[in-house]
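Single-letter residue listing:
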Amino acid sequence: MRKRLVAGNWKMNKTYDEAVALVSEVVNMVKDEVTGQTEVVLCTPSIYLTALKQYLPVGGRISLGAQNCHEKASGAYTGEVSAPMLQSIGVRYVILGHSERRQYFNETNAQLAERVDAALANGLTPIFCCGESLDMRENGDYLGFVKEQLTESLFHLSAEQFASVVIAYEPIWAIGTGLTASSQQAQDMHRELRQHLAGKYGDEAAQNTTILYGGSANAQNAAELFAQPDVDGGLIGGASLKSRDFTTVVKANN
Ligand code: PGA
């Protein structure tokens, strides 16, 4: 059975006090209200990760994640955060290849392959993002484009390494726009991507891979999205910034 997971992607939001308040609220609400087995990951700005650790229940199913890491372990890369640094403060997950990173920071499939390697070598679970633009969806081979993102950044991994990767399908046209993919569109893409993974790593590995949906998933639409057979949870942006909404989304994934 593949794991179900809901990850909050806070992006560049919240001051320190606001971050402490939000984590505390989410921890309390999830603890009291969510009975299922869904894992929860809070991908906060990395500057807060060390301090926020103390607000998580020990051994619980809520953990912290970073939103990016550099491919090099250390060195003269001003402003960057490395995978060994994240490991050294007990972080377990890292988002890689988010479309905003690809768009604004020019991250490429080849560079992301190296970041995936760095994450895995340091015991981090990559939440690897893929997804097509609106123009690609309307005029192009969007399925081929997304499959290529997976091929070029992940298919060099051994089967054992690949087993640690979580994938997030996030159509760019749905991110932060309020335009969610329909549950059928999400299901169709997830099924296709799972088949693509099966072609490389075999059916069993593909069936065991957690594939999240992201893009304007919220308290209202999460239950229908997560009910799709190939949708194993979500990567949640805007709705992860409000404890009540985020808890509702987590509940919807049980
Ligand atoms: P959104 O963001 O939920 O605000 O659309 C999702 C994401 O970018 O991961």
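Below is a short write-up of the structure. It should be emphasised that the depicted structure is a prediction, and the values quoted were computed from it without experimental measurement.

Time to look at the site of the ligand. The immediate surroundings of the ligand are formed by 13 residues, with Lys11, His98, Glu170, Gly176 and Ser216 found nearest. Take histidine 98: an N or O atom from its side chain is 2.6 Å from an oxygen atom of the ligand. Between the ligand and glycine 238, the relevant distance is 2.8 Å, taken from an oxygen atom to a main-chain nitrogen or oxygen of the residue. When the free accessible area of the ligand is taken as 280 Å², the share hidden by the protein chains comes to 95%. Each residue belonging to the shell around the ligand can be placed in one class, and the counts come to four nonpolar, seven polar and two charged.

Further remarks concern the environment of proline 84. In this fold, proline 84 is placed in helix H3 (residues 83-88). A relative accessible area of 26% places proline 84 in the partly exposed class. Counting along the chain gives eleven residues from proline 84 to alanine 73, while the straight-line C-alpha distance between them is 6.2 Å.

The next point concerns the pairing of strand S4 (residues 93-96). Burial along S4 is two-sided: Tyr93 and Ile95 and Val94 and Leu96, pointing in opposite directions, are all buried. In the classification by handedness, the crossover that spans strand S3 (residues 62-66), the intervening H3 and the parallel S4 is right-handed. Of the strand pairs in this sheet, S4 and strand S5 (residues 125-130) are connected by four bridges, and their pairing is parallel. Its bridge partner being in S5, leucine 96 is matched across the sheet by phenylalanine 128.

When you tally the buried positions in S5, you get six out of six residues, the bulk of the element. Residues Thr125, Ile127 and Cys129 of S5 are buried on one face, and the alternating residues Pro126, Phe128 and Cys130, pointing to the opposite face, are buried as well. Relative to strand S6 (residues 166-169), S5 runs parallel, the two being bridged by four bridges. Considered in S6, the bridge of cysteine 130 is made with tyrosine 169.

Quick look at helix H12 (residues 243-251) now. Turning to H12, its buried residues are Ser243, Phe246, Thr247, Val249 and Val250. Down the axis of H12, the buried side of the element spans an arc of 160°, and every buried residue falls inside it. If you follow the buried residues of H12, they end up packed against strand S1 (5-9), helix H1 (16-33), strand S2 (39-43), helix H11 (222-226) and strand S8 (233-236).

The next thing to look at is the sheet that holds S6. Reading around the circumference, S1-S2-S3-S4-S5-S6-S7-S8 is the order of the eight strands in this closed barrel, with parallel pairing throughout. Pairs of neighbouring strands in the sheet enclose a mean axial angle of 25°, with direction left out of account. Looking at chain direction, S3 and S4 are connected through two bridges and run parallel. Its bridge partner lying in S4, glycine 65 is registered against tyrosine 93. In this fold H12 packs onto S1, S2 and S8, with an angle of close to 155° to the strand it touches most, S1.

Leu154, Ile167 and Tyr213 are the most contacted members of the largest nonpolar core, which totals 65 residues. Here the element with the most residues in this core is H1; it accounts for seven residues. Those residues in contact with leucine 154 that lie beyond four places of it in its chain are Val116, Phe128, Phe162, Val165, Ile167 and Tyr201. Ranked by size, the runner-up nonpolar core spans twelve residues in total, among them Leu5, Cys43, Ile95 and Val166.

As a further point, take the state of the cysteines. Enumeration according to the criterion identifies zero disulfides in this entry. Free cysteine cysteine 43: the closest other cysteine sulfur is in cysteine 129, separated by 9.0 Å. Judged by relative accessible area, cysteine 43 falls into the buried class, the value being 0%.

What counts as what
- Residues numbered from 1 in each chain as written.
- Predicted model: local features only at pLDDT ≥ 70, side-chain atom pairs only at ≥ 80, totals over all residues.
- Heavy atoms only, no water.
- Near = heavy atom within 4 Å.
- Polar contact = N/O pair within 3.5 Å; in protein donor to acceptor, adjacent residues only side chain to side chain.
- Areas by Shrake-Rupley, 256 points an atom, 1.4 Å probe, with all protein chains shown as cover.
- Nonpolar A, V, L, I, M, F, W, Y, C, P; charged D, E, K, R; others polar.
- Helix = DSSP H or I, 4+ residues; strand = E, 2+ residues; numbered from the N terminus.
- Buried < 20%, exposed > 50% of the residue type's maximum accessible area, 1.4 Å probe, protein only.
- Right-handed = clockwise from strand over helix to strand, strands pointing away.
- Pairing = 2+ DSSP bridges.
- Arc of directions from axis to C-beta.
- Contact = heavy atoms within 4.5 Å.
- Axes fitted to C-alpha atoms, helices over the stretch in contact; angles between N-to-C directions.
- Core = buried A, V, L, I, M, F, W, Y, C linked by side-chain atoms within 4.5 Å.
- Disulfide = S-S within 2.5 Å.

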